[in-house]
Amino acid sequence: MPEGTGGTPPRTLAEALRTQGDGSLVALLRARPDLLNPVPSDLSQLATRAGTRASVVRALERLDRFTLQTAEALAVAAEPAPYDTLRALLTGDEGDPEIEAALPRAVETLRDRALIWGADDRLRLVRTARELLAPSPTHPSPTGLGPTVAEATAGMSPGRLQEILTAAGLPSTHDPVSAVASLTALFTDRTRMAALLDTAPVEALSVLDRLVWGPPYGEVTSSPTPPVQWLRDRGLLLPATTRTVVLPREAALHLRAGRAHRTPEPVAPAIAPRASDASTGARPQVVDNTAAGQAFTALATIEELAKDWNEGGPNVLRAGGLSVRDLKRTATALDVTEPVAAFWVELAYAAGLLAADGETDERYAPTPAYDDWQELPAPEQWARLATAWLTATRTAGLVGSQDSKGRTLAALGPDLDRGAAPEVRRRILDLLATLPEGTAPDPESLLGRLRWERPLRGASGTGRHDDLRARLAAWTLNEAEMLGITGRGALASHARALLAPDATDTPTATDAARASGDPATTDVARTPAELAGARARAARALAPLLPEPLDHVLLQADLTAVAPGPLLRPLAELLAIAADVESKGGATVYRFTPGSVRRALDAGQSASDLHDFLRNHSRTPVPQPLAYLIDDVARKHGHLRVGAASAYVRCDDEAVLDEILADKRSQGLRLRRLAPTVLAAHADAVTLLDGLRVMGFAPAAESAEGDVMITRAHAHRTPPRTAPAPVPDGPPTPDTALLSAAVKAIRAGDLAATVVHKPVPEPSGSGSAALASAAAASRNGALPRTTSAETLATVQAAAMTGSAVWIGYVNAEGAASQRVIAPVRVEGGYVTGYDHTADEVRTYPLHRITGVAELADDPA
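These remarks concern the structure in this document. Because the structure is predicted, anything quoted here is derived from the model rather than measured.

### Focus on the overall build of the protein
Secondary structure summary: the protein contains 36 helices and 23 strands in total. As displayed, the protein has an accessible area near 40800 Å², and 54% of this comes from carbon and sulfur atoms.

Rendered as structure tokens:
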């Protein structure tokens, strides 16, 4: 049991913290990282900060339902409350083995987070937490209990109190205090209270039944009914206002058989398997194969998105993000719905593969990191996407909804960060990992588990639970399926590798926190090294499940090519130029058309190059129709030459130019003959090329030197960009090094603040006024002020004897502090010594030391 100084019970939270070891302080600061900003100077400041309203609210929001119910029960108990009283409020008169087994953990959690303090026989709730959880007319308690008899009768006339005692069959008293005590004793005595209720009318008991579980307030008229009047006469209903009455807490607890909560929930609800899985059993291999297929589709979709934006994607809205029209166009290009397109766009952005280019006419485009990502093996590509999704705070599910000001949230816009998203995603996957392999959860039971773990998280002032976490959970399940983290709703083996710590490494504090199973510690942020290790493990687990890239296709007589699987990058890139994708799925079907063959010729391929390419990469002979198509398009390609005049057409065959001039479709080009083999046009070269192709010709662009120009897609890239940093939900979780340093600094500061020093002697006769001031300050517990001579003499003596002294110091910025130092050398107006507060050797100017006092006990 915690004890205060000298073995006495602690009187304050600060004293209780002083009795705890460094491990307990580290656990407190890890669970409540807001207490670290800035690092408290001592334990008193830490205790004060731990009792502020904002910090307590945040700490309460991170409690599970039963731990919160324990705090709520403690808030309605008299302070300080023995452990047995708390247990009785939760178990009731009949007891409950499950609650009794879970209660020690809940109490320890509240104590570890500095929400309660004191020994088990004197438990105290932090004052701010009591104010938040205790019943009041303006803020009803979740327990449904009302005020105590003493609170409800405050201000009641003594005569009215005596009337209530008489009606209840109690002897009269001589003062209101004893009257309240007598009525309270009646309501808390099970036997006498049961006898009183046995005499109540049935209708009066019905009134109590409506109020017993809350809310405990009811309206009454100026002429109440006989049952209500019977209850009022005996104090079972006490006046709250002129028109309302309240059921006293002690009476309600008797009617509830001592329970503070109607339905205590000491055990987290189990996650039920999906009905279909419960009957068919686990299918781990099917799950892994399905998830791997989705992972491959995810990679192909990201590549398709980058290809669509390769020459510069949509413009950036003035307010940031994609316009609705551009999102629709992107969804059409990816052949998905708009919400799904928003997810892929946001995922690529979170992974640092897409960004705004920052130019005057700002557009979105792939980043240089995308080119590096493309060079990675497919399993590593997927692992980078998965870790980016897992840690990102950007929430694609919000796209299309409205913010608090009624503005529509756009994809890639500035208002899509939700700090709770990584925690919910990680917790969902951790819960899926607890199920047998191949088993998918029932979504409702999964949401019920999340609500149990964070009952207050996102709760609104109206008492209704905000559905943000529920929506985040639903989005997480859908997105995990699309990304290939789950297959058929169950967690895949490569996703388990992504979540689990490496068994070959030394366990870290982060791993230990997650392994504890406490939902408050499962969202601890991973270090970059941990993320890299997780990516490597996931990639190794996924690699055997992904198909190997192929180096061949199957050519068919109907001018199509079938790719029976993923293709090697050079083959896929050239085939994408020379043919059009006709269908996707397990096998991709490409179709060769005159336009696609011309596109390949425009890109610098010759007819012989295309023939060789197809022969080398086809497992079937090149069909004769395809060979004829290539030769026919190549024979016409470049027969006409277009240049800039503003543009011109030249051709050695005068008959072809005659045919162009005679065609009515050429009138818009405004052509005229300059020479037998040359036509000039007012249209620009691009318009002229397109117009001639519409007319059925296959012109080639010509350079100023008369050479055929090879047209290739211009890959537009942004300058180097880093992936968007997640926006944390509150202060980030500190690492182990920071926690250790913070605890050491707090301990040292507390030593300086609480160290016992020798009293300064009283001045004799007409002694120095400074000594009188020092003596007074010493008696009042403040740092004494001494003269320069006294300061010099004291620190010199301490340096000679090797003892420590207590000093006051003002730095160059004028900030005052108190320190415990062990002087080693005093010379040149400076004192050098070991500073116990900073845990290092420091040098201080003597003129900045305001006062000095010897310690009663040397801390060294």
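### Focus on the pattern of salt bridges
Applying the stated criterion across every chain, the model contains 35 salt bridges. Between D84 and R87 there is a salt bridge, with its nearest N and O atoms 2.6 Å apart. Of this pair, D84 and R87 are both found in helix α6 (residues 83-91), 3 residues apart, which corresponds to roughly one turn of the helix. D84 gets classed as partly exposed once you look at its relative accessible area, which sits at 48%. The exposure class of R87 is partly exposed, given its relative accessible area of 29%. For R427, the salt bridge identified is with E453, shortest N-O distance 2.6 Å. With a gap of 26 residues between them, R427 in helix α22 (residues 421-433) and E453 in helix α23 (residues 443-453) connect regions that are remote in the sequence. Residues R427 and E453 agree in their burial class; the two are buried. One salt-bridge network, in which partners are shared between bridges, spans R62, E423, R454 and R469.

### Things to note about the packing of α22 against α23
Their axes nearest at 11 Å, the elements α22 and α23 cross at an angle of 120 degrees. The pairing of α22 with α23 is recorded here as oblique in orientation. For α22 against α23, the interelement crossing comes out right-handed. Contact with α22, carried on its side by R427, I428 and L431, involves L446, R449, L450 and E453 of α23 and no other residues of that element. Looking at the contact of α22 with α23 residue by residue, the classes come out as 4 nonpolar, no polar and 3 charged.

### Some thoughts on helix α7 (residues 97-112)
Compared with the 22 Å implied by 1.5 Å per residue over 16 residues, the 24 Å span of α7 between its first and last C-alpha is a close match. Maximal helix bending in α7 amounts to about 35 degrees, located at L103; proline P104 follows within four positions. Along α7, the residues that are buried comprise I99, A102, L103, A106, V107, T109, L110 and R111. Contacts made by the buried residues of α7 are with α5 (65-75), α6 and β1 (116-117). Phi for A114, located one or two positions after α7, is positive at around 55 degrees.

### Focus on the packing of aromatic side chains
Evaluation of the coordinates by the stated rule reveals 4 aromatic pairs. Seen from their ring centres, Y809 and Y844 are 4.7 Å apart, and the 65 degrees between their planes marks the pair as edge-to-face. Note that Y809 is positioned in strand β19 (residues 805-810) and Y844 in strand β22 (residues 840-845), a separation of 35 residues in sequence. Neither residue differs from the other here; Y809 and Y844 are each classed as buried.

### Digging into helix α4 (residues 53-61)
One turn of an α-helix holds 3.6 residues; hence residues three or four places apart share an orientation. Every buried residue of α4 is accounted for by S55, V56, R58, A59 and L60. Packed against the buried residues of α4 are α3 (43-50), α5 and α8 (127-133).

### Describing unusual backbone geometry
Omega for the bond connecting N37 with P38 falls within 30 degrees of zero, at -5 degrees, which places this linkage in the cis form. Positionally, P38 belongs in the loop between α2 (22-31) and α3. Each neighbour pair has its own omega, and for E79 with P80 the value is -5 degrees, a cis peptide bond. Checked against the element boundaries, P80 lands in the loop between α5 and α6. In the Ramachandran plot, L559 falls in the positive-phi region, its phi being about 65 degrees despite a non-glycine side chain. Inspection of the secondary structure puts L559 in the loop between β10 (554-556) and β11 (560-563). Overall, L559 belongs to the partly exposed group, its relative accessible area being 22%.

### Focus: the packing of helix α18 (residues 324-334) against helix α19 (residues 338-350)
Contact geometry of α18 with α19 gives a least axis separation of 9 Å together with a crossing angle of 90 degrees. On the basis of their axis angle, the class for α18 and α19 is roughly perpendicular. Of the residues in α19, those touching α18 at L327, K328, T330 and A331 are E338, A341, A342 and V345. Tallied by class, the residues present in the contact of α18 with α19 amount to 5 nonpolar, 1 polar and 2 charged.

### Notes on the sheet that holds strand β12 (residues 580-583)
Strand pairing in a sheet is mediated by backbone hydrogen bonds. Such pairs are either parallel or antiparallel. Spatially, the 4 strands line up as an open sheet ordered β10-β11-β13-β12, and their pairing is antiparallel. Two strands close off the open sheet at either side, each with one partner strand: β10 and β12. Ignoring which end each strand starts from, the neighbouring axes of this sheet average 30 degrees apart. Two elements, β12 and strand β13 (residues 588-591), share 3 bridges in a ladder whose sense is antiparallel. Looking across to β13, one finds that V581 is bridged to Y590.

### Focus on the nonpolar core
Counting 88 residues, the largest nonpolar core has L29 and L46 as its most contacted members. Residues in contact with L29, not counting those within four places in the same chain, are L35, L36, L46, P734, L739, A742, V743 and I746. Counting 65 residues, the second-largest nonpolar core is a separate cluster that includes I302, W389, A420 and A421.

### Some remarks on the sheet that holds strand β5 (residues 244-246)
The 3 strands lie next to each other as β3-β5-β4, forming an open sheet whose pairing is antiparallel. The open sheet has two edge strands with one neighbour each: β3 (217-219) and β4 (238-239). The sheet contact formed by β3 and β5 spans 3 bridges and is antiparallel. Bridged to Y217 within β5 is V246.

### Points about the side chain of R234
Mapped onto the elements, R234 comes out in the loop between α14 (226-233) and β4. Within the structure, R234 has its side chain in polar contact with the backbone oxygen of W230 (distance 3.2 Å). Not counting residues within four places of it along the chain, the set of residues in contact with R234 comprises I164, A167, A168, L183, F187 and L196.

So, how was this worked out
Residues numbered from 1 in each chain as written. Predicted model: local features only at pLDDT ≥ 70, side-chain atom pairs only at ≥ 80, totals over all residues. Heavy atoms only, no water. Helix = DSSP H or I, 4+ residues; strand = E, 2+ residues; numbered from the N terminus. Areas by Shrake-Rupley, 256 points an atom, 1.4 Å probe, with all protein chains shown as cover. Salt bridge = Lys/Arg side-chain N within 4 Å of Asp/Glu carboxyl O. Buried < 20%, exposed > 50% of the residue type's maximum accessible area, 1.4 Å probe, protein only. Axes fitted to C-alpha atoms, helices over the stretch in contact; angles between N-to-C directions. Parallel < 35°, antiparallel > 145°, perpendicular 65-115°, else oblique. Left-handed = near helix turned anticlockwise from the far one by under 90°. Contact = heavy atoms within 4.5 Å. Nonpolar A, V, L, I, M, F, W, Y, C, P; charged D, E, K, R; others polar. Expected span 1.5 Å × (residues − 1). Bend = angle between axes of the 7 residues up to and from the residue. Phe/Tyr/Trp six-rings, centres within 6.5 Å; stacked < 30°, edge-to-face > 60°. Pairing = 2+ DSSP bridges. Core = buried A, V, L, I, M, F, W, Y, C linked by side-chain atoms within 4.5 Å. Polar contact = N/O pair within 3.5 Å; in protein donor to acceptor, adjacent residues only side chain to side chain.

Taken by themselves, the reported measurements are silent on function.
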